[in-house]
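Below, each chain spelled out in residue letters.
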Amino acid sequence: MRNKAIICFFSLLVTIVLLLSIFGCTTAQGNEILSARERLRVATTTSLYDTGLWGYLEPIFEKKYNVELDVLYAGSGIALEYGKRGDVDVITVHDKAREQQFVAEGYGIERVLFAYNYFLIVGPANDPAGIKSMKPEDAFKKLADGSAASFISRGDESGTHAKEKALWKSAGFDYEKIRKAGSWYIEGGKGMGSTLLMASEKQGYTISDMGTFLAFKGKLNLVTIVDRGSILLNVYSVIPVNPEKNPKVALNAQKAKDMVSFLTSAEIQKLIGDYGIKTYGTPLFIPCAGKPEPTE
Amino acid sequence: MEEIWNGFVKAIQLIVTLDPEVMEITGRSLAIAAASCLLATAICIPLGSLIHFNRFAGKRALINVIQTMYSVPTVVIGLLVFLLFSRAGPLGYMELLFTPTVMVIGQAVLIAPIVAGLTITALSGVDKAVPETATALGADRFQVALLTMREARFAMLTAIVMGFGRAISEVGLALMVGGNIRGYTRVLTTAIALETSKGDIELSIALGIILIAVALIINIALNRLQQRK
C-alpha cells in the first residue's frame, strides 16, 4: 500500500517529464527541444519589449522566415554582453557609443538604424523641482539640488542609463559624485517599466524612452516634464553578431541578416511607424531605416 | 485592496477558462521542476545514503557544507550555470543556454544539496534498533542499508518534495539561464516577474495564485501519504 503510493508519486513525476517533451514539441514545431538550432535568438533592450513591439513583430517574422524566434529582453548593456559571448545571434539596442565600440571590436557586423524616438524627463504633475519645459541640461542642474524630489535611475548599464549619464555630464556633473550625492538619487536597477512604476510610487523624476512611457502611462501618476532637446534623441539599431568572432553563431548568420532586412523592409518600417496608434493614440516609434542618423 | 481582489477574480477566470497561455506556462513550470527533481533524486538519494552509511574523515564537515548549501542564493547558481553554458564558457559547445534543458540542469544543481542533506537526516532518524537487530540476525552491510532506507522512505519523500518546492518556486536561476522566452522557457515565476515589471499586477496575482495552488496540492498529497503510515 505504502509502496504503491510512492510508485504513484514517481509515476506522476515521470508523466510530468513526458509532458515536457510534448510541450516542447508543440511549441518548437519539431523535435529540436534540446538544441539551440533552428532558433534565432535576438537580445533586445527592454524598451522594445515592454512596449509590446517585439511581441507584435515576432509572429510576423516567424511566419515569413519559418524560424522560431527567441526574444530575450535585457538592458542594452546585458544585450551587448550576450552578443559578445555569442549567446545570441542578433541584438536590437539603443546605446550609440557602446554599439560603435561593439562593431569596432569586431563583435558585431554592422550597426543598422531602424527606428528612433525621444527620451523624456518625466515626473509628478505638480513639478516640485520646477523644471517644466527647461532645456534638459538645465533641468538636470536643478534636479541635482535634490531637495525638491528624488530621481530614480535605471542604474543597470542600459541604453537609458547611458543617456542619463551623458545628460549629467553635459549638465556639468561628475556622474560618480551624483551617484553618491544623497538619498534623493535612487538606483533602481530594474527595467524601464519597473523604474517608471517606482518613480510613480515615490513621486520622483526619471528619464524614460517615449515608447515605454506611453505604454505605461495608464498605470502611472507621472507626466512629461521635458521633451525637447537634441540630447534626448533615442535611436534604435539592429546589429547581427559577427560569426568571425563567434564561429558558433555562423549557423544562424543568414537568419540574422534576414532579421536586418526584415526590420528595414518597407512593410515592417510602416508597421513600426504605425505601432501604438491603435492602443495609445500616438505612434511610439519613428521609422528611419536607410536614412541618415537623425540629429535632432 | 481592490487590486488584490481583481487579481483573485482574474485568477479564477484564467483557471476556469483554461487560458491556453497560462496552461502552457503552468505545464512547463511543472515539467521543468519535476524533471530537475527527478534528476536530483536519482543522483542525491544514493549519494546521501553513501555519505550516511560510510564512515570517513570530514564526514561531519561535509554534511555541514551540504546543509549550508540549502540556502545558497538561486542567482549564484544561476550565474555559475550561465557562465558554464554560455557559448564563451567551457560547456558552451553543448548549445544549451536559454533552453528548458539548462533550466532543468540548473535547478537540479540548486536542489541537490536539499535532497542529499534531507536524505541523510531521514536516514539518521531511523531507530538504531533497526540496523542493530538486522545485523544481529545476520544481515550484511548492504542489506542493513536497504532496510534502513526502507524504514526512512517517507522522510526521504519529504526530501524530494522539498526539492520540488524549491525548484518550482525559484525565479533567479530560471530567469538567468532560461531567459524567460515566451513559449519556450517562460515559467510561472519568470512570468510573474515580467508581468509585475510591466505593471500588470492582476495577471501577476493570478499566476501567483496558480503557483500557490500547485504547491498546496502537492503538500496535501504528501501529508496524506505520510498519515497513512
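These figures come from a predicted structure and were not determined experimentally.

What counts as what
- Residues numbered from 1 in each chain as written.
- Chains lettered and ligands numbered in written order.
- Predicted model: local features only at pLDDT ≥ 70, side-chain atom pairs only at ≥ 80, totals over all residues.
- Helix = DSSP H or I, 4+ residues; strand = E, 2+ residues; numbered from the N terminus.
- Buried ≥ 20, exposed ≤ 12 C-beta atoms within 10 Å, placed from the backbone.
- Contact = placed C-beta atoms within 7 Å.
- pLDDT = per-residue confidence, 0-100.
- Pairing = 2+ DSSP bridges.
- Domains from an automatic or database assignment.
- Nonpolar A, V, L, I, M, F, W, Y, C, P; charged D, E, K, R; others polar.
- Axes fitted to C-alpha atoms, helices over the stretch in contact; angles between N-to-C directions.
- Parallel < 35°, antiparallel > 145°, perpendicular 65-115°, else oblique.
- Left-handed = near helix turned anticlockwise from the far one by under 90°.
- Expected span 1.5 Å × (residues − 1).

Draft legend 1. The overall build of chain A, seen in detail. In terms of helices and strands, chain A carries 13 helices and 10 strands. Looking at the 296 residues of chain A, the share that counts as buried comes to 46%. Put simply, of all contacts in chain A between residues at least 6 apart along the chain, 73% involve residues at least 24 apart.

Draft legend 2. Focus on the overall build of chain B. Secondary structure summary: chain B contains 11 helices and zero strands in total. Element order for chain B, N to C, with α for helix and β for strand: α-α-α-α-α-α-α-α-α-α-α. The buried share among the 229 residues of chain B stands at 47%. If you take every contact in chain B between residues at least 6 apart in sequence, the share linking residues at least 24 apart comes to 75%.

Draft legend 3. View of the confidence of the model for chain B. Looking at chain B as a whole, its pLDDT mean stands at 91, while 100% of the residues score no less than 70. Here the complex is predicted with pTM 0.86, and the ipTM for its interfaces comes to 0.82.

Draft legend 4. Spatial organisation of the environment of leucine 47 of chain B. Turning to its location among the elements, leucine 47 of chain B is positioned in helix H2 (residues 20-53). Between the alpha carbons of leucine 47 of chain B and threonine 189 of chain B there is a distance of 30 Å; along the sequence they are 142 residues apart.

Draft legend 5. The arrangement of the environment of leucine 194 of chain B in detail. Residue and element names in this part refer to chain B. Topologically, leucine 194 is positioned in helix H10 (residues 188-197). A tally of 22 C-beta atoms within 10 Å means that leucine 194 is categorised as buried. It is 52 Å that separates the C-alpha atoms of leucine 194 and arginine 141, two residues lying 53 residues apart in sequence.

Draft legend 6. Layout of the pairing of strand E9 (residues 233-240) of chain A. Residues and elements named next belong to chain A. Counting buried positions along E9 gives seven out of eight residues, so the element sits mostly inside the fold. Bridging between strand E3 (residues 90-93) and E9 involves four bridges; their strand directions are antiparallel. Across the sheet, the residue bridging to valine 93 is serine 237, located in E9. The sheet contact formed by strand E4 (residues 112-123) and E9 spans six bridges and is antiparallel. Opposite alanine 115, over in E9, you have tyrosine 236 as the bridge partner.

Draft legend 7. Highlighting the domain arrangement of chain A. Residues and elements named next belong to chain A. Segmenting chain A into domains produces domain 1 (30-116 + 235-287) and domain 2 (117-232). Each partner contributes to the interface: domain 1 provides 21 residues, whereas domain 2 provides 15 residues. Looking at the side of domain 1 that touches domain 2, the elements that each hand over two or more residues are helix H2 (46-50), helix H4 (76-85) and helix H5 (96-104). Top element by residues in the side of domain 1 that touches domain 2 is H2. It accounts for three residues. Each residue belonging to the side of domain 1 that touches domain 2 can be placed in one class, and the counts come to seven nonpolar, 11 polar and three charged.

Draft legend 8. View of unusual backbone geometry. Even without being a glycine, serine 133 of chain A presents a positive backbone phi close to 60 degrees. Serine 133 of chain A sits in the exposed class, given 11 other C-beta atoms within 10 Å. Even without being glycine, asparagine 180 of chain B reaches a positive phi, approximately 55 degrees. Here asparagine 180 of chain B lies in the loop between helix H9 (172-178) and H10. Overall, asparagine 180 of chain B belongs to the buried group, with 22 C-beta atoms counted inside 10 Å.

Draft legend 9. Examining the pairing of strand E7 (residues 206-209) of chain A more closely. Residues and elements named next belong to chain A. Here E7 shows a buried face lined by Thr206 and Ser208 and a second buried face lined by Ile207 and Asp209. As judged from the four bridges shared by E4 and E7, these two strands associate in the antiparallel manner. Opposite phenylalanine 119, over in E7, you have aspartate 209 as the bridge partner.

Draft legend 10. Main features of the packing of H2 of chain B against helix H8 (residues 153-169) of chain B. All names here are of chain B. Their axes nearest at 9 Å, the elements H2 and H8 cross at an angle of 140 degrees. Judged by the angle between their axes, H2 and H8 are oblique. The crossing of H2 and H8 is right-handed. Contact residues: Ser29, Ala33, Ala34, Ser36, Cys37, Ala40, Thr41 and Ile45 in H2; Met156, Ile160, Gly163, Phe164, Ala167 and Ile168 in H8. Taken together, the residues of the contact of H2 with H8 break down into 10 nonpolar, four polar and no charged.

Draft legend 11. Highlighting the environment of tyrosine 70 of chain B. All names here are of chain B. Examined against the element boundaries, tyrosine 70 turns out to sit in the loop between helix H3 (59-68) and helix H4 (74-85). Residue tyrosine 70 is classed as partly exposed on the basis of its C-beta count, with 13 C-beta atoms lying within 10 Å. Dropping the residues within four chain positions of it, tyrosine 70 is found in contact with Pro113, Ile114 and Gly117.

Draft legend 12. Here's a closer look at helix H7 (residues 159-170) of chain A. All names here are of chain A. Between its terminal C-alpha atoms H7 stretches 17 Å, which fits the 16 Å expected from 12 residues at 1.5 Å a residue. Along H7, the residues classified as buried are Gly159, Thr160, His161, Lys163, Glu164, Leu167 and Trp168. Where H7 ends, the next residue or the one after it, glycine 172, has phi of about 95 degrees, a positive value.

Draft legend 13. Spatial organisation of H8 of chain B. Helix length check: H8 of chain B (17 residues) gives 24 Å between terminal C-alpha atoms against 24 Å at 1.5 Å per residue, within 8%. All of the buried residues along H8 of chain B are Met156, Leu157, Ala159, Ile160, Val161, Gly163, Phe164, Arg166, Ala167 and Ile168 of chain B.

Draft legend 14. Representation of the packing of H2 of chain B against helix H5 (residues 100-124) of chain B. All names here are of chain B. Direction vectors running N to C along H2 and H5 enclose 35 degrees, while the axes themselves pass 6 Å from each other. Crossing of H2 against H5: the hand is right-handed. Split by residue class, the contact of H2 with H5 holds 21 nonpolar, eight polar and no charged.

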